[in-house]
Amino acid sequence: MAKKENKFKGYDISTQAVHTGAGYDAETGAVRRPLHMANSYKLPDDLSKVNYSSTDLLMYARNGNPNQHWLEEKVAALHGADDAIVLGSGVAALHALFWTLLKTGDRVVYPKVSYMAVYRLFHELFNQKFGVETVMVDMTDLEAVKKAITPGTRLVHIETPDNPTDGISDIEAIAKIAHENEAVLSVDNTFASPLNQRPLDLGADFVVESLTKYINGHGDAQGGAIISNDLAAMDRIRYEAQVNVGSVISPFNTWQIFRGAVTFPLRMERINASTQKIAEWLEQRQNVTFVSYPGLASHPGHELAKKQMKHGFGGVISFGIAADDKAVERFCAALKVVTFAVSLGHDESLIFPQPSYDERINLYPEKFRKGFIRFSIGLEDPDDIIGDLDQALKAIGL
């Protein structure tokens, strides 16, 4: 595919979120893009030059659909990138990127603290099924990163802030180390969002976003994206992972995410401000054992976060309370405004305990191994959220 057109390049991200990928419906004049649920599209009369594994021509839903293409324009614009690929979920995007870039014998360096699917893909599947050498490292420790990224490393993958501890990795420095060793760097930017952080500007080769989270923002659609300026690699991903593995997104989910993305910058600004206020309150609360949020001066990655997260520190707070697993569950269940559920980046606040029996718990810094909770802040009034946390803590005797 060609480089994505961005007619609103140079405008503020809020303007681009509204207008990029948008247009009038040619048939009706409607000012909203229509939803195209078709599986098949009319082929040209001359089939001699049709490539049935291409995504350039609308022919079959697995090769792409108009709603997908319009959302790809918008996501690329949000990152200031040449191209974006939108797929069925954030994990589908991760798998598509890794599947396309890696082969047997390659070496991958990835974080000790990462999203569960990344841990599964590298620790189990790519290692055991395909003979890829996978090496875990503390990505917040540059000296450890330098030792781990050796000649022969094909891919370095990081999350920053990481899931679930909110650790901060130095994108620019790790990109430099990776490139010196002829490796490429991918960054999962889901916790930050493109409003707060644009990894391509800091030297990353690929960015992954779970569109399910902040960009959609309404908890009603699933999708993922790969963003890059490497057009040749992006075409390979489309061919290998979208068309021939089939990780395509549904038109309806795409249409919903396209709608949600319009208000993404406004929502993210509110979430940034609310999360900062709530994190500061938690840090002063008795029986809260730690608070990990990049916007706090107490966070070890705070100065680095200020450098690479230009507009805010995101909507996820990791914190601990002086309680065992069962008491943590009772605390979460006692909340009335905050929803006890997985995921993040929705309009409603979501909270989820990280139990001490998690198989990866020993990979986390020690303070995260007891009473650890991941908390995603939504659009409710922050004082209402604080009041809810306070009453739930009191309900379990804290």
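The rules behind the values
Residues numbered from 1 in each chain as written. Predicted model: local features only at pLDDT ≥ 70, side-chain atom pairs only at ≥ 80, totals over all residues. Heavy atoms only, no water. UniProt positions renumbered as here; feature names shortened; annotations may be inferred. Buried < 20%, exposed > 50% of the residue type's maximum accessible area, 1.4 Å probe, protein only. Helix = DSSP H or I, 4+ residues; strand = E, 2+ residues; numbered from the N terminus. Pairing = 2+ DSSP bridges. Right-handed = clockwise from strand over helix to strand, strands pointing away. Expected span 1.5 Å × (residues − 1). Arc of directions from axis to C-beta. Contact = heavy atoms within 4.5 Å. Phe/Tyr/Trp six-rings, centres within 6.5 Å; stacked < 30°, edge-to-face > 60°. Lys NZ or Arg CZ within 6 Å of the ring centre and 35° of its normal.

- In the nomenclature of an unreviewed UniProt entry, the protein is known as PLP-dependent aspartate aminotransferase family protein of Megasphaera intestinihominis.
- What UniProt states about the protein under its Sequence similarities (unreviewed entry) heading is, verbatim, "Belongs to the trans-sulfuration enzymes family."
- UniProt annotates the protein under Cofactor (unreviewed entry) with the comment "pyridoxal 5'-phosphate".

### Re the pairing of strand 5 (residues 184-188)
Alright, step 1. Counted residue by residue, strand 5 has 5 buried out of 5 residues, so it is predominantly covered.
Alright, step 2. Here strand 5 shows two buried faces, one formed by Val184, Ser186 and Asp188 and the other by Leu185 and Val187.
Alright, step 3. Bridge analysis of strand 4 (residues 153-159) against strand 5 gives 5 bridges, and the strand direction is parallel. Bridged to His157 within strand 5 is Ser186.
Alright, step 4. In the classification by handedness, the crossover that spans strand 4, the intervening helix 6 (residues 171-180) and the parallel strand 5 is right-handed.
Alright, step 5. Direction of pairing for strand 5 relative to strand 6 (residues 206-210): parallel, over a ladder of 3 bridges. Paired with Ser186 across the two strands is Phe206, which belongs to strand 6.

### Looking at helix 10 (residues 264-284)
Alright, step 1. In this model helix 10 runs 30 Å from its N-terminal to its C-terminal C-alpha over 21 residues, within 8% of the 30 Å that 1.5 Å per residue would give.
Alright, step 2. Of all the residues in helix 10, the buried ones are Phe264, Pro265, Arg267, Met268, Ile271, Asn272, Ser274, Thr275, Gln276, Ile278, Ala279 and Leu282.

### Focus on helix 12 (residues 325-334)
Alright, step 1. Listing the buried residues of helix 12 in full gives Asp325, Ala327, Val328, Phe331 and Cys332. The arc that holds the buried residues of helix 12, viewed along the axis, is 165 degrees, so those residues lie on one side. Exposed and oriented more than 90 degrees from the buried face of helix 12 are Lys326, Arg330 and Ala333.
Alright, step 2. Along its buried surface, helix 12 packs onto strand 9 (316-321), strand 10 (339-340), strand 11 (350-354), strand 12 (372-376) and helix 13 (382-395).

### Side note on the packing of aromatic side chains
Alright, step 1. Across all of its chains, the model carries 15 aromatic pairs by this definition.
Alright, step 2. Between the aromatic rings of Phe8 and Tyr11, the centroid separation amounts to 5.7 Å while the plane-to-plane angle is 65 degrees, which identifies the pairing as edge-to-face.
Alright, step 3. Its relative accessible area of 25% is what places Phe8 among the partly exposed residues.
Alright, step 4. An aromatic cluster is present here, built from Phe98, Trp99, Tyr110, Phe122, Phe126 and Phe130 joined pairwise through their rings.
Alright, step 5. Above the plane of the ring of Phe258 lies Lys74, whose end atom (NZ or CZ) is 4.3 Å from the centre.

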